[in-house]
Amino acid sequence: MSRYTDEDREKVRDAVDMVALVQTRTELKRAGSNSYFGRCPFHDERSGSFHVRPLEKHYHCFGCQASGDPFKFVMETEGLDFREAIENLADRFGVRVEPIEEDSGAAEKRQQKERLMALLDRTAGFYERVLIDSAEASDARELLAARGLNEETLRAFRVGYAPSAWDRVLMASREAGFSEDELVAAGLAQKARGKDGIFDRFRGRIMFPLSDQRGRVLGFGARAMRDEQGPKYLNSAEGLVYHKGSQLFGLHLARPAAAKSGTIVLVEGYVDALALHQAGVENVVALMGTALTDEQASQLDRAAGTLLLALDADKAGQKAMLRAGEIAAGRNIELRGACVLGSRSQSRL
Ligand code: ZN
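Residues numbered from 1 in each chain as written. Predicted model: local features only at pLDDT ≥ 70, side-chain atom pairs only at ≥ 80, totals over all residues. Heavy atoms only, no water.

Considering the overall build of the protein
A count of helices and strands for the protein gives 14 helices and 17 strands. The globule rule puts the C-alpha radius of gyration for 349 residues at 20 Å, and the 21 Å found for the protein is close to it. Judged by the C-alpha coordinates and their principal axes, the protein covers about 60 × 50 × 45 Å. Carbon and sulfur atoms make up 48% of the accessible area of the protein, which totals about 17,400 Å². Distance from the positive charge centre (49 side chains) to the negative charge centre (52 side chains) of the protein: 3 Å. (Helix = DSSP H or I, 4+ residues; strand = E, 2+ residues; numbered from the N terminus. Rg over C-alpha atoms; globule rule 2.2 N^0.38 Å. Areas by Shrake-Rupley, 256 points an atom, 1.4 Å probe, with all protein chains shown as cover. Lys, Arg positive; Asp, Glu negative; His and termini not counted. Charge placed at Lys NZ, Arg CZ, Asp CG, Glu CD.)

Below, the structure written as structure tokens:
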């Protein structure tokens, strides 16, 4: 069995000119710097309900709700499978890709990973609904509202709430056909010490999904509501999909604006990122309390040429700033304007 690596897929996606691609099927009119409209190629219509956002490489039809990325567009308009769509686009936009041979062990591991990501995605959806609807989450809703965050912002980042019961995610996931091993591997449940059985890892916490640059949930950062709950911040346990220090919170939302402006803003906390995004600074990502890693630096490097630091004025913030300076010095990245957010107690959730 052979397949393309994620890197190859991203290389092709980056190379695609979304407007040129869609124009092969329907004529588009420019409606803004990152907005084009035309008649939908997927349903019959006279008006232009079909919307393309070239920076995100995304299309959406307000008439028939068709939506997706360049790969899906080619799959649906030309009747290709995913692999053929990659090859077609690579050809068309001049990218070289090489399929790798995958032995049955690697294929199995990839399928395992895909199941865990499906589990994480549905769990994020569950936490989101709990935050919006449940009586139990009213303190969390108040706390977030007190920081000035509105529902639209919370939805954009898929912020949620984990109920305080020991087994809500466990029960729902089991019912959906996931095993206990999968729940543990996804970092959502843990084994009870000295006993049989497992329980939900996150209980009574505000949940911030940590995603890859395409917005797929890999894990969570979770903020306690009360002092006696243990650590104020608890992250997913390391597993098959979540690796500490390899994500930047909000990167998938920041990328289009970062590409457009050539600048990406780095802050320390989740809430700083949410607040800036809501204020219109969409090219913002958060470090989530970890020191900047090389992997994160290379993601920043790819996202924009200029890195703007907006870190706390405390020791940890200064350390992160120095580290960012070192990393930037070794790269083709310009470091600018070390603007500093207020004291920790004010800026941190
Ligand atoms: Zn349509």
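Side note on the domain arrangement of the protein
The assigned domain composition of the protein is domain 1 (6-92), domain 2 (106-242) and domain 3 (251-347). Facing the 18 residues of domain 2 at the interface are 14 residues of domain 3. Summed over the shared surface of domain 2 and domain 3, the result is 0 salt bridges. The tally of links between domain 2 and domain 3 comes to 3 residue pairs in polar contact (both at pLDDT 80 or more). Among the secondary structure elements, those contributing two or more residues to the side of domain 2 that touches domain 3 are α7 (151-156), β11 (205-211) and β13 (233-235). Here the side of domain 2 that touches domain 3 takes 3 residues from β11, the largest share from any one element. (Domains from an automatic or database assignment. Contact = heavy atoms within 4.5 Å. Salt bridge = Lys/Arg side-chain N within 4 Å of Asp/Glu carboxyl O. Polar contact = N/O pair within 3.5 Å; in protein donor to acceptor, adjacent residues only side chain to side chain.)

Examining the sheet that holds strand β8 (residues 160-162)
Sheet strands associate in pairs through backbone hydrogen bonding, adopting either a parallel or an antiparallel arrangement. With respect to topology, 4 strands assemble into an open sheet ordered β8-β11-β12-β13, the strand pairing being antiparallel. One side of each edge strand has no neighbouring strand; the edge strands of this open sheet are β8 and β13. Looking at each pair of strands side by side, their axes are set apart by 35° on average, direction ignored. As paired elements, β11 and strand β12 (residues 217-224) share 7 bridges and run antiparallel to each other. Counted as the bridge partner of S211 is V217 from β12. Across the sheet, helix α5 (residues 104-133) touches β8, β11 and β12, and the angle it forms with β12 is around 35°. (Pairing = 2+ DSSP bridges. Axes fitted to C-alpha atoms, helices over the stretch in contact; angles between N-to-C directions.)

With respect to the coordination of the zinc ion
Around the zinc ion, the donor atoms from the protein are C40 (SG), H43 (ND1), C61 (SG) and C64 (SG), and they sit 2.0 to 2.3 Å away. Here the zinc ion is ringed by 4 donor atoms whose angles at the metal span 102 to 118°, and the overall shape comes out tetrahedral. Sequence positions of the donors to the zinc ion reduce to the motif C-x2-H-x17-C-x2-C. Taken together, the residues span a long stretch of sequence, with C40 in the loop between β3 (35-38) and β4 (50-53) and C61 in strand β5 (residues 58-61) at a distance of 21 residues. Across the pair, C61 and C40 agree in class, each one buried. (Donors = N, O, S within 2.8 Å, 3.2 Å for Na, K, Ca; no water. Tetrahedral: all angles 85-135°; square planar, octahedral: opposite > 155°, others 65-115°. Buried < 20%, exposed > 50% of the residue type's maximum accessible area, 1.4 Å probe, protein only.)

Let's talk about the packing of helix α3 (residues 70-78) against helix α4 (residues 82-92)
Orientation of α3 relative to α4, taken along the N-to-C sense of each, is 105°, at an axis distance of 9 Å. By the angle class used here, α3 and α4 are roughly perpendicular. Residues P70, F71, V74, M75 and E78 of α3 pack against F82, A85, I86, N88, L89 and R92 of α4. Residue classes in the contact of α3 with α4 are distributed as 8 nonpolar, 1 polar and 2 charged. (Parallel < 35°, antiparallel > 145°, perpendicular 65-115°, else oblique. Nonpolar A, V, L, I, M, F, W, Y, C, P; charged D, E, K, R; others polar.)

Observations regarding the packing of aromatic side chains
Enumeration over the complete set of coordinates arrives at 16 aromatic pairs. Residues F208 and F249 carry aromatic rings whose centres are separated by 6.2 Å and whose planes lie at 90° to one another, so their mutual orientation is edge-to-face. Here F208 is found in strand β11, whereas its partner F249 is found in the loop between β13 and α10 (251-261), with 41 residues between them in sequence. This pair shows no difference in class: F208 is buried, exactly as F249 is. (Phe/Tyr/Trp six-rings, centres within 6.5 Å; stacked < 30°, edge-to-face > 60°.)

Regarding the side chain of Q299
Here Q299 shows up in helix α12 (residues 294-303). According to the relative accessible area criterion, Q299 is buried, its value standing at 13%. Other than its neighbours up to four places away in sequence, Q299 contacts S246, L248 and L251.

Looking at the environment of G245
Secondary-structure assignment places G245 in the loop between β13 and α10. A residue is classified by how much of its surface remains accessible, and G245, at 6% relative accessible area, is buried. Setting aside residues up to four positions removed in sequence, G245 forms contacts with T293, E295 and Q296.

A word on unusual backbone geometry
A positive phi angle is found at K57, which is not glycine, with a value near 55°. Even without glycine at this site, R158 takes up a positive phi of about 55°.

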